[in-house]
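Listed below are the residues making up each chain.
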Amino acid sequence: MKILVTGGAGFIGSNFCHYCYAHEPSSQIEKIIVIDKLGYSGSIENISELMEKENFCFIQADICNQELITQLLFDEKIDAVIHFAAESHVDRSIDDPAIFVQSNVVGTFKLLESSFHYFSSLAHKDKEKFRFLHISTDEVYGSIPMDASPAKEGGLYAPSSPYSASKAASDHFVWAYYKTYGLPAMITHSSNNYGPRQHPEKMIPHMICNALEGKELPVYGLGLNIRDWIYVEDHCAGIWRVLCWGKQGEVYHIGKGSGISNIELVRKICSLLDIFFPRLTGKSYSELIRFVADRPGHDLRYALDVSKMKKELGWEAQMELEKGLEKTIFWYVEHKDWIRSVMEKGYALKRQGLYRKA
Ligand code: NAD
């Protein structure tokens, strides 16, 4: 399989590339080509080890560059497109939604156009092989009431933030290309990911990095929002399953299938840090927790029904949260240079309720 991975220098995309070479048969991976514009959250260091492989290639480009992407699909005779590239941080989407529309909506549209032109040109047997896998989020379903069952595949969309609205719009375009033009598409919706190489602006690395520097740990509102955390490698294994055995026109939910409140999660991180990196003062890291003004439009609960992945594709998440958090903490402790270089690229973070106002 020759795979084009968009956004492959970002958190999940780069982990997916590493996962493929580490865990999947080399006979299955003829070549992986990463396209990434290297925005603030994309880092060449995330894939530098893979650059030495003969069957790996990186091209710095924007997915909106339709001509370049179309040419690439034809030149490389791509079998599958896995589309990760997106602006991904909800807080940033509240401050500056335009870039989310550009990359997530227009970018996906352009990628679909390129893919469709290429797909149309393929011979029948190659058409049967081709796949367009779009990576989406549980956030498109909006907040799931506490007493309601987790969202099932095909559930109603109710996005709350400019980020989730842009992802929802991109999902709709993917289905339009499937239904109207027969582009063999599939969509996965994943819950919150964590693990190595996640930008330090995201919640788990933010808490780890701040705690180790003795800085405050800002928690939105009362910290009661519920999220289902999946270790990134589990997510990548699920994506691989869908890529190889998923059916076109189908939606798949990828998550752990459990929920934890933000405040419980932060307390867990503090407890693990207390064990492995005790403070000189002897006090717990949890004393650094501060409740800050809530994020506008903050969904209370995300919850995915993940039973289809198990039933149809025999996949389920393996990593327990405590073990995954421990691995993640150690990764950040051991990669201080990576943190420094990523932060230098831009870290205009607004986690303290400093959003733009009407
Ligand atoms: P990320 O921000 O770490 O990576 C996104 C990558 O896309 C970056 O390398 C960035 O440079 C690149 N990119 C952005 N716009 C681009 C463009 N116009 N052209 C080319 N490259 C572009 O994000 P992530 O957490 O790795 O998320 C990857 C995908 O997974 C996104 O589509 C996101 O919506 C989805 N997702 C993420 C999570 C999560 O918890 N992180 C959960 C569910 C779904």
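Before any of the text, the structure's been laid out above.
Given the structure is predicted, the values throughout are model-derived calculations rather than measurements. (Residues numbered from 1 in each chain as written. Predicted model: local features only at pLDDT ≥ 70, side-chain atom pairs only at ≥ 80, totals over all residues.)

1. Section: the overall build of the protein
Which entries qualify depends on this criterion: Counting from the N terminus, the helices are the DSSP runs of H or I reaching at least four residues and the strands are the DSSP runs of E reaching at least two. Radius of gyration: over C-alpha atoms. The globule rule applied is 2.2 Å multiplied by the number of residues raised to the 0.38 power. A residue is called partly exposed when the number of other C-beta atoms within 10 Å of its own lies between 12 and 20, exposed at 12 or fewer, and buried at 20 or more, with C-beta atoms placed from the backbone. Residues are treated as contacting if the C-beta atoms built from their backbones sit within 7 Å of each other.
Each helix and strand in the protein was counted, giving twelve helices and 13 strands. Radius of gyration (C-alpha) of the protein: 20 Å, near the 21 Å computed for a compact globule of 358 residues. If one aligns the C-alpha atoms of the protein with their principal axes, the spans along those axes are about 65 × 45 × 45 Å. Counting the 358 residues in the protein, one finds 43% classified as buried. Within the protein, counting contacts between residues at least 6 apart in sequence, those at least 24 apart form 83% of the total.

2. What about the packing of helix H9 (residues 262-276) against helix H11 (residues 321-334)?
Definition in use: Every angle, taken between N-to-C directions, lies between 0 and 180 degrees, and every axis is a line fitted to C-alpha atoms, over only the stretch in contact when it is a helix. Roughly parallel means an angle under 35 degrees; roughly antiparallel means over 145; roughly perpendicular covers 65 to 115; every other angle is labelled oblique. Definitions for this section: a left-handed crossing has its near helix turned counterclockwise from the far helix by less than a right angle. A right-handed crossing has that turn clockwise. We call Asp, Glu, Lys and Arg charged. Ala, Val, Leu, Ile, Met, Phe, Trp, Tyr, Cys and Pro are nonpolar, and the rest, Gly among them, are polar.
In contact at an axis separation of 10 Å, H9 and H11 are set at 60° when each is read in the N-to-C sense. Considering their axes alone, H9 and H11 lie oblique with respect to each other. In the crossing of H9 with H11, the sense of the turn from one axis to the other is right-handed. Between H9, through Lys268, Ile269, Leu272, Leu273 and Phe276, and H11, the contact on the second element is made entirely by Glu322, Leu325, Glu326 and Ile329. A breakdown of the residues in the contact of H9 with H11 according to their chemical character gives six nonpolar, no polar and three charged.

3. Notes on unusual backbone geometry
Positive phi, close to 55°, is recorded for Leu38, a residue that is not glycine. Here Leu38 shows up in the loop between strand E2 (31-36) and strand E3 (56-60). With a phi angle near 70°, Arg197 is a residue other than glycine that sits in the positive phi range. For Arg197, the location among the structural elements is in the loop between strand E7 (192-194) and helix H7 (203-212). Look at Arg197 and you get buried, because 24 C-beta atoms sit within 10 Å.

4. As for the site of the ligand
Selection criterion: Placing the C-beta atom from the backbone, one calls a residue near a molecule or strand if that atom lies within 6 Å of it.
Around the ligand, a shell composed of 29 residues is seen, among which Gly7, Gly10, Ser41, Gly42 and Ala86 lie nearest. When residues of the shell around the ligand are traced back to their parent elements, those giving at least two are helix H1 (11-23), helix H4 (98-121), strand E5 (131-137) and E7. Ranked by residue count, the leading element in the shell around the ligand is H1, at three residues.

5. Some remarks on the sheet that holds E3
Operational definition: We call two strands paired when DSSP finds no fewer than two bridges between them.
Taking strand neighbours across the sheet as the criterion, the seven strands line up as E3-E2-E1-E4-E5-E6-E11 in an open arrangement whose pairing is parallel. With partners counted over all chains shown, the strands left at the sheet margins are E3 and strand E11 (251-254), one partner each. Averaged over neighbouring strand pairs, the angle between their axes works out to 20° when direction is ignored. Looking at chain direction, E5 and strand E6 (residues 185-190) are connected through six bridges and run parallel. Residue pairing for E6: Ile135 is matched across the bridge by Thr188. In this fold helix H6 (residues 162-181) packs onto E5 and E6, with an angle of close to 155° to the strand it touches most, E5.

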